[in-house]
Amino acid sequence: MRFCLLIMAKSPVPGQVKTRLCPPLSLEEAADVAAASLLDTLDAALSTPGAVPVVALAGVVRREDVRDALAECVVIPQRGWTFAERLVHAHADIARFGMPVLQIGMDTPQVTPALLESCAEFEEAALGFALDGGWWALGLRDPSRASVLRDVPMSRADTGTRTLDALQGLKVRTLPILSDVDTMVDARAVVAQAPRTRFATALADVAAVPR
């Protein structure tokens with residue numbers, strides 16, 4: 001089965017990504033950690049059987065390693081003022097592919113090709129809750145159904161349950177719960193789970209996190 005693997009991403013520019021890791025990290029160190037997280041995510045996406053990786057990107061990429069990885073994906077610009085609007089527009093922009101969509105972010109560098117392939121198996125919809133109450137993955141057989149996200153408050157402790165409520169009427173498969181990386185506590189937990197990732201190496205280099 002072929003499906004569109006949509007990755008919502010921000011260019012790893014100091015001061016614009018992972019600022020909740022500062023302190024203890026500097027803005028430059030946080031950007032390096034974000035770049036590693038994005039690269040791990042792209043590696044997993046590009047190795048996932050049946051996946052057509054599409055990156056909805058915000059910002060201008062300045063790092064050569066990130067540009068090289070993105071060159072292997074379809075890249076579209078993010079559109080909209082709020083994150084909810086950008087999600088809705090991204091799903092609408094990839095509807096032309098005519099495939100089911102599994103959407104993730106760049107904050108779960110622990111994902112693997114096997115996990116992503118498994119998460120893409122759903123009838124109408126799928127939702128993967130995050131430990132902080134949000135969600136890390138959303139699957140939709142029909143990308144136009146993402147329009148319901150427009151009225152869902154994002155980045156809140158009840159975002160996950162509100163998203164599930166918004167999908168009412170669809171048969172929703174519940175995906176594994178993951179920790180996304182917002183704080184240093186999150187980051188250390190992800191490193192413990194996935195110690196051989198670029199993310200783990202980058203964090204160890206700047207924050208003395210054991211691997």
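Definitions and limits used
- Residue numbers run consecutively from 1 along every chain, following the written order of its sequence.
- At least 70 in pLDDT is required for a residue's local features to be given in this predicted model, at least 80 for side-chain atom pairs to be given and counted, and no such filter applies to totals for whole chains, interfaces and linings, which use all residues.
- Side-chain measures here rest on the full set of heavy atoms in the structure, leaving out hydrogens and waters.
- Secondary structure follows DSSP: runs of H or I at least 4 residues long count as helices, runs of E at least 2 residues long count as strands, and numbering of each begins at the N terminus.
- The globule rule is 2.2 Å times the number of residues to the power 0.38, and the radius of gyration it is compared with is taken over C-alpha atoms.
- With a 1.4 Å probe rolled over the protein chains alone, any residue whose accessible area is under 20% of its type maximum counts as buried; one over 50% counts as exposed, and the rest are partly exposed.
- Only heavy atoms enter the contact rule, under which two residues are in contact if any of them lie within 4.5 Å.
- None of His or the chain ends enter the tally, which takes Lys and Arg as positive and Asp and Glu as negative.
- Charge placement uses NZ in Lys and CZ in Arg. For Asp and Glu, CG and CD serve respectively.
- The arc in question is traced by the directions running from the helix axis to the C-beta atoms.
- Two strands make a pair as long as DSSP finds a minimum of two bridges between them.
- Orientation is described by lines fitted to C-alpha atoms, with helices fitted over the stretch in contact, and by angles between N-to-C directions that extend from 0 to 180 degrees.
- By the criterion applied in these results, polar contacts are pairs of N or O atoms within 3.5 Å in which, for protein atoms, one can donate a hydrogen and the other can accept it, and in which residues neighboring in sequence qualify only through two side-chain atoms.
- If you view a crossover with the strands going away from you and the path from the first strand over the helix to the second runs clockwise, you call it right-handed.

A. Representation of the overall build of the protein chain within the structure. Scanning the protein chain from terminus to terminus reveals seven helices and seven strands. Taken over the C-alpha trace, the protein chain has a radius of gyration of 16 Å; the compact-globule value for 211 residues is 17 Å, and the two agree within 12%. Projecting the C-alpha coordinates of the protein chain onto the three principal axes gives extents of approximately 45 × 35 × 35 Å. By the burial criterion, 52% of the 211 residues in the protein chain qualify as buried. Considering only contacts within the protein chain whose residues lie at least 6 apart along the sequence, 66% involve residues at least 24 apart. Taking the average location of the 21 positive side-chain charges in the protein chain and that of its 25 negative ones, the two points are 2 Å from each other.

B. Just helix H5 (residues 159-166), in detail. Looking only at H5, the buried set comprises Thr159, Gly160 and Thr163. All buried residues of H5 project into a common sector of 100° when viewed along the axis, lining one side. Check the buried side of H5 and you find it contacts strand S5 (125-129) and strand S6 (135-140).

C. Broad picture of the sheet that holds S6. Pairing within the open sheet is mixed, and its seven strands lie in the order S3-S2-S1-S4-S6-S5-S7. Of all strands in the sheet, those with a lone pairing partner are strand S3 (74-77) and strand S7 (172-174), marking the two edges. This sheet shows a mean twist of 20° between the axes of neighbouring strands, independent of strand direction. Relative to S6, strand S4 (residues 101-104) is paired through four bridges, and the arrangement is antiparallel. Paired with Leu102 across the two strands is Gly139, which belongs to S6. The strands touched by helix H1 (residues 27-46) are strand S1 (3-10), strand S2 (51-58) and S4; relative to S1, the strand with the most contacts, the crossing angle is about 170°. Packed on one face of the sheet, H5 meets S5, S6 and S7 and runs near 170° to S5.

D. Broad picture of unusual backbone geometry. In the segment running from Cys22 into Pro23, the intervening peptide bond is cis, with an omega of -20°. With respect to the helices and strands, Pro23 occurs in the loop between S1 and H1. In the segment running from Pro23 into Pro24, the intervening peptide bond is cis, with an omega of 15°. Mapped onto the elements of the fold, Pro24 is located in the loop between S1 and H1. The residue Lys18 is not glycine, and still its phi comes out positive at about 50°. Exposure remark for Lys18: the relative accessible area of 15% places this residue in the buried category.

E. Local environment of the pairing of S5. The buried fraction of S5 amounts to five of the five residues, a majority that puts the element mostly inside the structure. With five bridges joining them, S5 and S6 adopt antiparallel strand pairing. Each bridged residue has a counterpart across the sheet, and for Ala126 the counterpart in S6 is Gly139. Two strands pair when backbone bridges link them, and S5 and S7 are joined in this way by three bridges, in the parallel orientation. Following the sheet pairing, Ala126 is matched in S7 by Arg173.

F. Looking closely at the side chain of Thr159. Note that Thr159 resides in helix H5. Classification of Thr159 by relative accessible area gives buried; the value is 4%. Only 3.0 Å separates the side chain of Thr159 from the backbone nitrogen of Arg156, close enough to count as a polar contact.

G. Here's a closer look at the pairing of S3. Bridge analysis of S2 against S3 gives four bridges, and the strand direction is parallel. If you follow Ala56 over to S3, its bridge partner there is Ile76. Each parallel crossover has a hand, and the one from S2 via helix H2 (residues 64-70) to S3 is right-handed.

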